[in-house]
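A look at the structure
Residue strings, one per chain:
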Amino acid sequence: MELSQNTDTLDGSLRFSAHTRAIASEGAAGWAIADAAADALDRGEDVVSLCLGDTSFDTPVRITDAAIRSLRAGRTHYAPVPGTPELRRNVARAQNRFDLQDWSADQVTVFAGAQNALFAAMMTVAGAGDEVLYLEPWYATYEATIRAGGAVARPVKLSMDAGGARLSLESILAQVTERTRAILLNSPNNPGGYVLDRAELETVASVAERHNLWIISDEVYRNAVFDGAFLSAASLPGIRERTIIVNSLSKSHAMTGWRVGWTLSPPSAAAHLQNMAQCMLFGSPTFVQDAAAVALEEAGDEEMLFFSNELRRRRDLMSAELSRLPQLRFVRPAGGMFCFVDVSATGFSGTQFAERLFAAEGLAVVPGVAFGPNMHSFIRLSFSGAEDLIAKGLGRLRRFCEAL
């Protein structure tokens, strides 16, 4: 049998699929400094990492207690593949409270976190040779997630200037072809913290309707909007029928390590997403879903508000300190957990700056190339950590910039 030439080899004999190249993007390589910082911290070295969007908040006790009760009750066996009925009901009810639309449990499919849900959504709507639009700067895994199933990733560049529209009709239409199947949105945007307003979402909606496209809306930061208000594309008239919402409890309830997320979609898409869940997971852990159902009860809305207010305060702290460094330029994020900073005035690329900063001060940040090839002059800093950690990291950044 003749083997395909579109493969990689190991030791000249064993072969890997072409998918391995599709998911080995430069975005994935952008995490090298974060990985080095994690190793250094494990060794007990004096390192500060402002890389990850993992808050310093503990998961609320009522949620962890629910998981413990579930474990002690023997809830450790297979769960229904689409999710437990209680969790699916509570996801729908929480979404109803949020956007005042009539969502139902059968539109919910539970996955192992938003990244897993996003992967399933992408595999559901775009296959080999199809094209998916996504916004640059983008979250580091987006490109690989689109390409994993053979689809082509086509970036739409966001305006990064302060004020004005982030997204224009012309920039979207320039990337649409007869092969385009979907557009992936992320608002608030990671890494930039940009929040799409109604006019921009209506622009996306008009293109989606005109060219019969799916909209995949990554809404994991919807509870961390500090300036203005969050609006989902699914809230626009007639757009819900072509929108798949991806969300999780990682950011909103300080549950990054629990790995529980979901999609909300039209019933036609939900049937395929449930098939994907069966192939990928065969159901998420029952006791985790029991805790997630408790997290989404109405009592948890106050917890989300507290977390959001704390993040706003940390955003303000980081923004104030960064504005005092003349070599750095940035737009204060309207939401999310990150500041996206242009370091080109230093004469370094974002990668060079990050490498030198880590070597000189033991401060780890993520180079901008993790978020798109045009982002080579940027770095991303997280303000999700504890306030004293943020202050310590910013002190090291200030010392490094002053030495330049």
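So, here's what we can say about the structure.

Conventions used here
- Residues numbered from 1 in each chain as written.
- Predicted model: local features only at pLDDT ≥ 70, side-chain atom pairs only at ≥ 80, totals over all residues.
- Heavy atoms only, no water.
- Helix = DSSP H or I, 4+ residues; strand = E, 2+ residues; numbered from the N terminus.
- Rg over C-alpha atoms; globule rule 2.2 N^0.38 Å.
- Contact = heavy atoms within 4.5 Å.
- Areas by Shrake-Rupley, 256 points an atom, 1.4 Å probe, with all protein chains shown as cover.
- Lys, Arg positive; Asp, Glu negative; His and termini not counted.
- Charge placed at Lys NZ, Arg CZ, Asp CG, Glu CD.
- Buried < 20%, exposed > 50% of the residue type's maximum accessible area, 1.4 Å probe, protein only.
- Pairing = 2+ DSSP bridges.

**Description of the overall build of the protein chain**
Looking only at helices and strands, the protein chain has 14 helices and 15 strands in total. Its C-alpha atoms give the protein chain a radius of gyration of 21 Å, within 12% of the compact-globule value 22 Å for 404 residues. Expressed along its principal axes, the backbone C-alpha trace of the protein chain runs to roughly 60 × 55 × 50 Å. Here the analysis covers contacts within the protein chain between residues at least 6 apart in sequence; of these, 74% occur between residues at least 24 apart. Just so you have it, the protein chain exposes about 17,200 Å², and 52% of that area is on carbon and sulfur atoms. If you average the places of the 37 positive and of the 46 negative side-chain charges in the protein chain, the two averages end up 1 Å apart.

**Re the pairing of strand β12 (residues 338–342)**
Among the 5 residues of β12, 5 are classified as buried, and the element is accordingly described as predominantly covered. Residues Phe-338, Phe-340 and Asp-342 line one face of β12 and the alternating positions Cys-339 and Val-341 line the opposite face, and both faces are buried. As paired elements, strand β11 (residues 329–330) and β12 share 2 bridges and run antiparallel to each other. Note on β12: the bridge partner recorded for Arg-329 is Asp-342.

**So, unusual backbone geometry**
In this model, Glu-136 is joined to Pro-137 through a cis peptide bond whose omega is 10°. Within the secondary structure layout, Pro-137 lies in the loop between β5 (131–136) and α7 (142–148). Here the phi dihedral of Ala-254 falls at roughly 55°; this positive angle occurs in a residue that is not glycine. When you line up the elements, Ala-254 lands in the loop between β9 (243–248) and β10 (261–264). The phi dihedral of Arg-259 falls on the positive side, at around 55°, and the residue is not glycine. Assignment of secondary structure puts Arg-259 in the loop between β9 and β10.

From the geometry alone we can't say anything about function, so treat these as descriptive.
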